[in-house]
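These are the residues of each chain, in order.
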Amino acid sequence: MTAVTAVPARSPDDPGVLDRARWAISDTLTITRRNLLVWTRVPAYLVFTVIQPVMFVLLFRYVFGGAISVPGHIHYVNFLMPGIIAQTAAFATFGTAIALAQELKKGVIDRLRSMPMARSAVLAGRLVADTGRMLVTILIVVGVGYAVDFRFSNGAFNAILMVVLATVFGLAICLISAFTGLAIGDEESVQAFGLIWLFPLTFLSSAFVPISSMPGWLQAFANNQPVTYVVNTMRSLALGGPIASNFWKAAIWLVGIFVVFSPLAVRAYKRAS
């Protein structure tokens, strides 16, 4: 006689995996909408988010551009804009760290976590909203670049890929910012810390000047850091040239950032109080 093992029936109140996933997505979109509404009610924040990269474009284009020569007979503005766009994506993540630190300090995160919603929605909603804000800022900067004579010369498809890569790069930096914002928990300290590591990382790269113009002791660092690989890939996508080598190195760096900082950000979120 064959023994039959009874499988306990699922309780009507016990949702399945698909239901949980659907609810998590719905909750994430709700938090995303909340974060976007906060920005629309503080227009000054959006204005200043856009003003900084526009100022960088104008300063480098008209103040420093005449003194900086780049190889390959490329007009400096075409050399500059991929670097400005990458910097814009990176600097846009200041908002992620500051907003999370503010909400943590005010107890908003604790209140949201006490509600009957997916625990992942608070962090995921913040990242989705910030990625949307970042993409809008990048597109505005591209428009400003066109106003000061920047032109894509490698086709519309590659131009779209360049914007996508910049957005993915910004999302990776968002994860680092989310971790620091939750781990530090003070908006002023978070902002100061962001300046300490983001400014050197973006300026000590190929974003604004050829690395060959730097002192030899800086070139080793500048040639082997993620911003350089991302910017070089974006520049090749925008202007033409070899893409594969820099793309794979950039991809390895970005995957590494996601692998390392995704669990760190989640852990910091769970421990935040």
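Reading the values: rules and limits
- Residue positions are counted from 1 within each chain, in the order its sequence is given.
- Side-chain atom pairs in this predicted model are given and counted only at pLDDT of 80 or more, local residue features only at pLDDT of at least 70, and totals for whole chains, interfaces and linings cover all residues.
- Values reported for side chains reflect all heavy atoms of the structure, with hydrogen atoms and water molecules removed beforehand.
- Under the scheme used here, helices are H or I runs from DSSP no shorter than 4 residues and strands are E runs no shorter than 2 residues, and both carry numbers assigned from the N terminus.
- We define a polar contact as two N or O atoms separated by no more than 3.5 Å, with the added condition that, inside protein, one atom must be a possible hydrogen donor and the other a possible acceptor, whereas residues neighbouring each other in sequence contribute only through side-chain atom pairs.
- Here, two residues are considered to be in contact whenever any of their heavy atoms come within 4.5 Å of each other.
- A cavity here means a set of 1 Å grid points, computed over protein atoms only, where a 1.4 Å probe fits but cannot escape. A pocket is an open set with protein on both sides within 12 Å along at least 5 of 7 lines, and lining residues have an atom within 4 Å of a point.
- Grid points are joined across faces, edges and corners, and a volume is the space filled by probe spheres set on the points.
- Residue type decides the class: Asp, Glu, Lys and Arg count as charged, Ala, Val, Leu, Ile, Met, Phe, Trp, Tyr, Cys and Pro as nonpolar, and the leftover types, Gly among them, as polar.
- The definition of a nonpolar core used throughout is a set of buried Ala, Val, Leu, Ile, Met, Phe, Trp, Tyr and Cys residues joined through side-chain atoms within 4.5 Å.
- Only protein chains enter the accessibility calculation, which uses a 1.4 Å probe; a residue whose area is less than 20% of its type maximum is buried, one above 50% is exposed, and one in between is partly exposed.
- The salt bridge criterion pairs a side-chain nitrogen of Lys or Arg with a carboxyl oxygen of Asp or Glu, the two atoms within 4 Å.
- Known as pLDDT, the predictor's per-residue confidence is scaled from 0 to 100.
- For a helix, the expected span equals 1.5 Å multiplied by the number of residues minus one.
- The axes used here are C-alpha line fits, helices contributing only the stretch in contact, and every angle between their N-to-C directions lies in the interval 0 to 180 degrees.
- Should an angle fall under 35 degrees it is taken as roughly parallel, and over 145 as roughly antiparallel, whereas 65 to 115 is taken as roughly perpendicular and any remaining angle as oblique.
- Take the far helix as your reference; a near helix turned counterclockwise from it by less than a right angle gives a left-handed crossing, and one turned clockwise gives a right-handed crossing.

Explain the side chain of Thr-233 here, please?
Note on placement: Thr-233 falls in helix α10 (residues 226–239). Reaching out from Thr-233, the side chain makes a polar contact with the backbone oxygen of Tyr-229 at a distance of 2.7 Å. Engagement of the side chain of Thr-233 in a polar contact is seen with the backbone oxygen of Asn-246, the distance being 3.3 Å. Setting aside residues up to four positions removed in sequence, Thr-233 forms contacts with Leu-165, Ile-243, Asn-246, Phe-247 and Ala-250.

In this structure, what is going on with empty space enclosed by the protein? I would like to understand it.
By rolling a water-sized probe across the atoms, one finds the places where empty space is left. Counting across every chain of the model gives one cavity of 30 Å³ or more. As for the largest cavity, its lining consists of Phe-94, Ala-97, Ser-177, Thr-180, Val-190, Phe-193, Gly-194, Trp-197 and Leu-198. Counting only elements with at least two residues in the lining of the largest cavity, the list comes to α4 (94–106), α7 (156–184) and α8 (187–203). Residues that form the lining of the largest cavity fall into these classes: six nonpolar, three polar and no charged.

Where do I start with the nonpolar core in this structure?
Ile-85 and Phe-169 are the most contacted members of the largest nonpolar core, which totals 75 residues. Of all the elements, α7 adds the most residues to this core, at 13 residues. Contact partners of Phe-169, with chain neighbours within four places excluded, come to Ala-86, Ala-89, Ala-90, Val-227, Val-230 and Leu-254.

Even after reading the chapter, I still don't get the pattern of salt bridges, so can you show me in this structure?
Side-chain pairs of opposite charge can arise where the charged atoms are in close proximity. Evaluated as defined, the whole model comprises six salt bridges. For Glu-103, the salt bridge goes to Arg-126, with nearest N and O atoms at 3.1 Å. Placement of the pair is Glu-103 in helix α4 and Arg-126 in helix α6 (residues 121–147), with a sequence separation of 23 residues. Neither Glu-103 nor Arg-126 differs from the other in exposure class; each is buried. For the salt bridge of Lys-105 with Asp-186, the shortest nitrogen-to-oxygen distance reads 3.2 Å. In this pair, Lys-105 sits in helix α4 while Asp-186 sits in the loop between α7 and α8, placing the two residues 81 residues apart along the sequence. One network of salt bridges, in which partners are shared, links Arg-34, Glu-103, Arg-126, Asp-130 and Arg-133.

Looking at this model, I keep getting lost on the environment of Arg-34. Mind explaining?
By secondary structure assignment, the location of Arg-34 is in helix α1 (residues 17–40). The exposure class of Arg-34 is partly exposed, given its relative accessible area of 26%.

Explain the confidence of the model for the chain to me, please; I cannot follow it from the model alone.
Reading predicted coordinates in detail is not appropriate for stretches of low pLDDT. Confidence along the chain averages 85 in pLDDT terms, with 92% of residues attaining 70 or more. Every residue in residues 1–12 scores below 50 in pLDDT, and together they form one contact with partners more than four places removed in sequence or on other chains.

When you look at α8 in this model, what are you seeing that I'm missing?
The periodicity of an α-helix, 3.6 residues per turn, causes residues three or four positions apart to be oriented the same way. Across its 17 residues, α8 extends 24 Å between first and last C-alpha, which sits within 8% of the 24 Å expected from 1.5 Å per residue. Taken as a whole, α8 has its buried residues at Val-190, Gly-194, Leu-198, Leu-201 and Thr-202.

Help me out: how do you make sense of the packing of α10 against helix α11 (residues 244–271) in this one?
In a packed pair of helices, the relevant descriptors are the angle between the two axes and the axis-to-axis distance. Where α10 meets α11, the closest approach of the two axes is 8 Å, and the angle between their N-to-C directions is 135°. Relative to α11, α10 is oriented oblique. As α10 runs across α11, the sense of the crossing is left-handed. Residues Pro-226, Tyr-229, Val-230, Asn-232 and Thr-233 of α10 lie in contact with α11, whose contacting residues are Asn-246, Phe-247, Lys-249, Ala-250 and Trp-253. For the contact of α10 with α11, the class distribution of residues is six nonpolar, three polar and one charged.

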